[in-house]
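Structural overview
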Amino acid sequence: MIEVTLPDGAVRSYEAGITGMDIAADISKSLAKAALAIYINGQLSDLSLPINDNAEISLVTRKDDEALELIRHDCAHVMAEAVQTLFPGTQVTIGPNIENGFFYDFARNEPFSTEDLEAIEKEMRRIVERGAEFKREVWDRDEAIAYFTNKGEMYKAELIRDLPETEEIKIYRQGDWLDLCRGPHMPTVKQVGTGFKLLKVAGAYWRGNSDNAMLTRIYGTAWRDDKELKAYLTQLEEAEKRDHRKLGQEMDLYHFQKEAQGSVFWHPKGFVIYNQLEGYIRRRLKDHGYQEIKTPQLIDNKLWEASGHWGKYRENMFVVPDEIPSGEEGQPVVSEKAFEKLMALKPMNCPAHVQVFNQGIKSYKDLPIRLAEFGCCHRNEAHGALHGLMRVRQMTQDDAHIFCTEEQITSESVAFCALVRQVYDDLGFEDVRVVLALRPENKAGSDETWDKAEEGLREALRASGLEFEEEEGEGAFYGPKVEFHIRDAIGRSWQCGTLQLDFVLPERLGASYIGADGDRHRPVMLHRAVLGTLERFIGIMIESYAGKLPLWLAPVQCVVAPITSDFDDYAQEVLEKLKAAGIRAEIDTRNEKINYKVREHSVAKVPALFVVGAREAENKTVAIRRLGSKNQNVDPLDEAIKALAQEAKAPY
RNA sequence: GCUGCUGUAGCUCAGUGGUAGAGCGCACCCUUGGUAAGGGUGAGGUCGAGAGUUCAAUUCUCUUCAGCAGCACCA
């Protein structure tokens, strides 16, 4: 006999070998029906798994959070069966859960297209309806490899071959179909239910490596029921409305065109946001002891070779021949020789900042030196990587490099983390993920140097009290980095702020200072950006605020709308006063009804609307309607303007 | 860069092997209306680009460019 402890502390005795399903049935008939899986000593398992020793258990039903994980994973299996039924010869590879859903990667000579999804989904519903039981089996390793190899499932065979020797080879059957799987699964396929939908197909490299074959990935989402599914799909649609590319066009902020792929054409309204944000961060930096500089855009390769960019980063750079182009029609623009002496558009500011540091002799008393630049950088990004403002080829970072001693690393890093917090707080971002990215394969500098750098950042993060995760292989080639990630409307995570510790570049570019001992020493370099790039950060802000930017950033802060043309003069007077108070205001004297004007400016996301008619003109007041509110307040003009001007102040 | 999808008016989108339509926007006219679309008239398109098939291509085929989703890469 064994003793089984339930979540409420109750202990029940059973024969060894009892299963979760038996226990559920013993507790109540309805529980047996509702149970999907079981926690055995904290381990989520199949209900069919025999329990042989005393254990703490807890049954999982559809109401629990885990249910979604189970439904999604089972759904992936159902999809794989459907695909292999409809498209014989397709190999299955891996099919994990992801946030809100699942995917499965298939290998097939002809990739799937979106048109196939409907048929696959239909077949899936048939499979679910049929409701086969999931049966768990443990196979002999070699037999499993032989089985899958024999079946032509080369990817599965490879997966098994790569599993650790200690790992059981588990197979789950659902009717005639089976798959290698870690499990657990629900009792039957039926329990997947109907709340699923296939969403998209995409290519994905086998094992995430672009040297490998490209597989077809099918994404799906699955929920407890149709209602939850529908809610999710609606939420997706809502999120898409906040897409900064869509809003940018609707609000006339910026555009892109193919002649300057990946670079932004900022329109007057968009550039207001840009300038406001830049002004804000500039004030913050200045008061945090940074000095602003400006360095060249186009720099000779010699410097990029010396810095290591030419060796490690070249494929991301734009190169320019340093030769006067031929003016002759029909002649080559530049000679063959031109390619022997190239220049490059800077992809980063750091080497140039070292040049500024290197002018003259620096004393340890000068350190730390914090050089900031709103440097315009160009990166030759892969075409498929470009994404609105989030991923561009020409970008401006709120960049700075701190030159300091090793002893100053921690205090400088802590100060930077505090700055990031302050700024993100000002701008309304609380949900920020912090990552410590460790040495990549393609790196400059010795392992000892990297040990020191990684530990330096780790220590600084701990001192700042920030929670962070570590990611292997994600660092920059010259040093490890702290990344501050923020999510966009769709839930994609983007790196914004960054702090990178660099012992390599000062060495390569010969930076030094005179220490208290009178000898030359290498400064340490901290590369850091708070917003990251202005482009990306503005994109994130637009999505985060759904275009309804805080007053200080709104391109047009106030529109004055007279009710009829009789009050145009008074409206003009209001406009002048608003402008005099520093408010970005416009007037709408078009021959339209007030309803129409209200609608139009609301849709345009203008934060404040001053409506003026007979009563207002008479009393020198304005009827204020704020964005998002249906109410109006009538206030004396001067008071209204004073209040608005006060509210429109930048956070710093 | 790789895989799939898309490309028609300023915007959102219909549509067809016989050179095109709607709504919104825009211009003009009527309307002067108190808080989310008043009415009328009109202008506006090499149907992304190039080649091929065809008597005829915006429509079919190929190539190419760009956009979108994902992968890889990354701020």
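Residues numbered from 1 in each chain as written. Chains lettered and ligands numbered in written order. Predicted model: local features only at pLDDT ≥ 70, side-chain atom pairs only at ≥ 80, totals over all residues. Heavy atoms only, no water.

**What about the overall build of chain A?**
A tally of regular secondary structure across chain A gives 20 helices and 36 strands. If one aligns the C-alpha atoms of chain A with their principal axes, the spans along those axes are about 85 × 75 × 65 Å. Classification of the 652 residues of chain A by burial places 50% in the buried group. If you take every contact in chain A between residues at least 6 apart in sequence, the share linking residues at least 24 apart comes to 68%. For chain A, the exposed area adds up to about 32,100 Å²; of that, 47% sits on carbon and sulfur atoms. Positive and negative side-chain charges in chain A, numbering 82 and 107 respectively, have mean positions lying 4 Å apart. (Helix = DSSP H or I, 4+ residues; strand = E, 2+ residues; numbered from the N terminus. Buried < 20%, exposed > 50% of the residue type's maximum accessible area, 1.4 Å probe, protein only. Contact = heavy atoms within 4.5 Å. Areas by Shrake-Rupley, 256 points an atom, 1.4 Å probe, with all protein chains shown as cover. Lys, Arg positive; Asp, Glu negative; His and termini not counted. Charge placed at Lys NZ, Arg CZ, Asp CG, Glu CD.)

**Here's the deal with the protein's contact with RNA strand B**
Neighbouring residues of RNA strand B: 57 residues in total, closest H383, K481, Q495, N591 and R625. Within 4 Å of the protein, the contacting atoms of RNA strand B are drawn from sugar and phosphate to the extent of 52%. Within the contact set of RNA strand B, a phosphate oxygen lies 3.4 Å away from a side-chain nitrogen or oxygen of H387. Between RNA strand B and S565, the relevant distance is 2.9 Å, taken from a base nitrogen to a side-chain nitrogen or oxygen of the residue. Elements with a minimum of two residues in the surface near RNA strand B: β14 (196–205), β15 (214–222), α8 (244–250), β28 (493–502), α18 (594–603), α19 (614–619) and β35 (621–626). The element that contributes the greatest number of residues to the surface near RNA strand B is α18, accounting for seven residues. Grouping the amino acids of the surface near RNA strand B by side-chain chemistry returns 22 nonpolar, 19 polar and 16 charged. (Near = heavy atom within 4 Å. Polar contact = N/O pair within 3.5 Å; in protein donor to acceptor, adjacent residues only side chain to side chain. Nonpolar A, V, L, I, M, F, W, Y, C, P; charged D, E, K, R; others polar.)

**Some words on the packing of aromatic side chains**
Summed over all chains, the structure comprises 19 aromatic pairs. Centroid distance Y155 to W206: 4.7 Å. Interplanar angle 75°. Geometry classified as edge-to-face. Taken together, the residues span a long stretch of sequence, with Y155 in helix α6 (residues 154–162) and W206 in the loop between β14 and β15 at a distance of 51 residues. You'll find Y155 and W206 in the same group, each marked buried. On the numbers, 4.4 Å between centres and 15° between planes, the contact of F357 with F403 is stacked. One end of the pair, F357, is in helix α12 (residues 350–358); the other, F403, is in strand β24 (residues 394–404), with 46 residues separating them in the sequence. Each member of the pair, F357 as well as F403, is classed as buried. A network of ring pairs unites the aromatic residues Y254, F256, W266, F271 and Y274 as a single cluster. A cation sits over an aromatic face here: R125 above F196, 4.2 Å from the ring centre. (Phe/Tyr/Trp six-rings, centres within 6.5 Å; stacked < 30°, edge-to-face > 60°. Lys NZ or Arg CZ within 6 Å of the ring centre and 35° of its normal.)

**Details of helix α16 (residues 534–544)**
Among the 11 residues in α16, 10 count as buried, and that is most of the element. Buried within α16 are the following residues: L534, E535, R536, F537, I538, G539, I540, M541, I542 and E543. Directly after α16, the chain includes A546, whose backbone phi takes a positive value near 50°.

**Let's talk about the sheet that holds strand β19 (residues 298–300)**
Strand pairing in a sheet takes place through backbone hydrogen bonds and is either antiparallel or parallel in direction. Taken in spatial order, the three strands line up as β19-β21-β20 in an open sheet, and their pairing is antiparallel. In this open sheet, the two edge strands, each paired with only one partner strand, are β19 and β20 (319–321). Mean inter-strand twist for the sheet, computed between neighbouring axes without regard to direction, equals 40°. Of the strand pairs in this sheet, β19 and strand β21 (residues 342–345) are connected by three bridges, and their pairing is antiparallel. Bridging from a neighbouring strand, D300 pairs with M343 of β21. (Pairing = 2+ DSSP bridges. Axes fitted to C-alpha atoms, helices over the stretch in contact; angles between N-to-C directions.)

**Some points on the sheet that holds strand β12 (residues 169–174)**
Here three strands make up an open sheet; going across it, the order is β11-β12-β13 and the pairing antiparallel. The strands lining the two open edges of the sheet, one partner per strand, are β11 (134–139) and β13 (177–180). If you compare each strand with its neighbour and ignore which way they point, the axes differ by 25° on average. The pairing of β11 with β12 spans six bridges and is antiparallel. In the sheet register, K135 faces β12, and the bridge partner there is R173.

**Description of the layout of surface pockets**
When its volume is computed, the largest pocket comes out at roughly 1,100 Å³. What lines the largest pocket is a set of 39 residues, among which Y313, M348, R379, K481 and Q495 lie closest to the centre. For the lining of the largest pocket, the element with the most residues is strand β31 (residues 524–533), which contributes five residues. Grouping the amino acids of the lining of the largest pocket by side-chain chemistry returns 13 nonpolar, 14 polar and 12 charged. (1 Å grid on protein atoms, 1.4 Å probe; cavity = no way out; pocket = protein on both sides within 12 Å on 5 of 7 lines; lining within 4 Å. Points joined across faces, edges and corners; volume = space filled by probe spheres on them.)

**Things to note about unusual backbone geometry**
A negative phi angle characterises most non-glycine residues, just as the trans form characterises most peptide bonds. In the segment running from G183 into P184, the intervening peptide bond is cis, with an omega of -5°. Looking at where P184 falls in the secondary structure, it is placed in the loop between β13 and β14. Looking along the chain, the bond that leaves L367 and enters P368 is cis, with omega of -5°. For K605, which is not glycine, the phi torsion reads 65° and is therefore positive. K605 sits in the buried class, given a relative accessible area of 16%.

**Comments concerning the nonpolar core**
One finds L277, V423, Y424, L427, F484 and F537 to be the most contacted residues of the largest nonpolar core, which totals 59 residues. If we skip the residues at most four places from it in the chain, F537 touches L277, Y424, L427, F429, I486, C496 and L531. Counting 33 residues, the second largest nonpolar core, distinct from the first, contains A76, V83, L198 and A222. (Core = buried A, V, L, I, M, F, W, Y, C linked by side-chain atoms within 4.5 Å.)

**Side note on the confidence of the model for chain A**
Per-chain confidence: chain A averages 93 in pLDDT, with 100% of residues scoring 70 or above. With pTM at 0.93, the complex prediction returns an ipTM value of 0.94. (pLDDT = per-residue confidence, 0-100.)

**Details of the side chain of D105**
Inspection of the secondary structure puts D105 in strand β10 (residues 101–107). Dropping the residues within four chain positions of it, D105 is found in contact with Q91, V92, T93, I94, A204, L215, T216 and R217.

**Observations regarding the packing of helix α9 (residues 268–287) against α16**
Viewed as axis vectors pointing N to C, α9 and α16 meet at an angle of 110°, and their least axial separation amounts to 11 Å. Considering the angle they form, α9 stands roughly perpendicular to α16. Taken together, the residues of α16 that come into contact with α9 (itself represented by I273, Y274, L277 and E278) are L534, E535, F537, I538 and M541. Grouping the constituent residues of the contact of α9 with α16 by class yields seven nonpolar, no polar and two charged. (Parallel < 35°, antiparallel > 145°, perpendicular 65-115°, else oblique.)

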